[in-house]
Amino acid sequence: MRTSLPAPALLAFGLIFGASQAANAAEIEIRDAYVRTASPVAKSGAAFMVIENHGTVDDRLIAASTDGAAISELHTSRQTDTGMMQMLPVTEGFAISAGTTRALARGGDHIMLMGLTSTLKDGDIVHFTLQFEKAGLVEVDLPLDMAR
Ligand SMILES: [Cu+2]
């Protein structure tokens, strides 16, 4: 069965859809991004980056996936009453308001990697697909950098 729509219908659909999706991937900029592991033989690590929202619509990083690890989760770190650092999954994601920057940095927000699929060394590239609520999927390649 053919499902093609007449051209005017397609055009109308495109306009409506376009209007409701005011953000696009070009408005999200990822910079200063890198991966660290806990140690050269560790099976876990974390990804850090600066996320800049150049758009006019508030956005949110809601998930990150990578072939480099069995599990990747959005986490944040906080200090407990006893001074210990504790990591917590962030189910609501990382909000980045329009025109602002949010840093995922050591001691704070990060993308947690558990079950690394290979032994990484400095300079190795780990590919990530970041999923934003409005901008959609953003592909990034992050180098392993143990010096940062
Ligand atoms: Cu973590």
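## Focus: the nonpolar core
In a soluble, globular protein the nonpolar side chains are often hidden away together inside. By size, the foremost hydrophobic cluster in this structure holds 26 residues, and its most contacted members are A47, L61, I111 and L113. Elements supplying a minimum of two residues to this core: β1 (28-37), β2 (44-53), β3 (59-66), β4 (69-79), β6 (94-96), β8 (110-116) and β9 (125-132). The element contributing the most residues to this core is β2, with 5 residues. In this structure L61 touches I51, L74, G93, F94, I96, L130 and F132, once residues within four positions along its chain are discounted.

## Observations concerning the sheet that holds strand β10 (residues 136-143)
If you trace the 4 strands from one edge of the open sheet to the other, you get β6-β3-β9-β10, paired in antiparallel fashion. On the outer flanks of this sheet lie β6 and β10, each paired with one strand and no other. When the angles between neighbouring strand axes are averaged without regard to direction, this sheet yields 35 degrees.

## So, the pairing of strand β5 (residues 85-89)
Within β5, only 0 of the 5 residues are buried, leaving the element largely exposed. Turn length for the β4-β5 hairpin, with the two strands adjacent in sequence and antiparallel, is 5 residues, and the turn residue G83 shows positive phi of about 85 degrees.

## With respect to the pairing of β8
The buried count for β8 comes to 5 of 7 residues, which makes it a mostly enclosed element. In the sheet, β4 pairs with β8 via 6 bridges, with the strands oriented antiparallel. Following the sheet pairing, S72 is matched in β8 by L113.

## Details of the environment of E27
Within the secondary structure, E27 sits in the loop between α1 (7-20) and β1. Sequence spacing of E27 and D59 is 32 residues, and the spatial spacing of their C-alpha atoms is 10.0 Å. Look past the residues within four positions of E27 in its chain and what remains in contact with it is N53, H54, G55 and A135.

Cut-offs and rules
Residues numbered from 1 in each chain as written. Predicted model: local features only at pLDDT ≥ 70, side-chain atom pairs only at ≥ 80, totals over all residues. Core = buried A, V, L, I, M, F, W, Y, C linked by C-beta atoms within 7 Å. Buried ≥ 20, exposed ≤ 12 C-beta atoms within 10 Å, placed from the backbone. Helix = DSSP H or I, 4+ residues; strand = E, 2+ residues; numbered from the N terminus. Contact = placed C-beta atoms within 7 Å. Pairing = 2+ DSSP bridges. Axes fitted to C-alpha atoms, helices over the stretch in contact; angles between N-to-C directions.

By themselves, these observations are geometric and do not establish any function.
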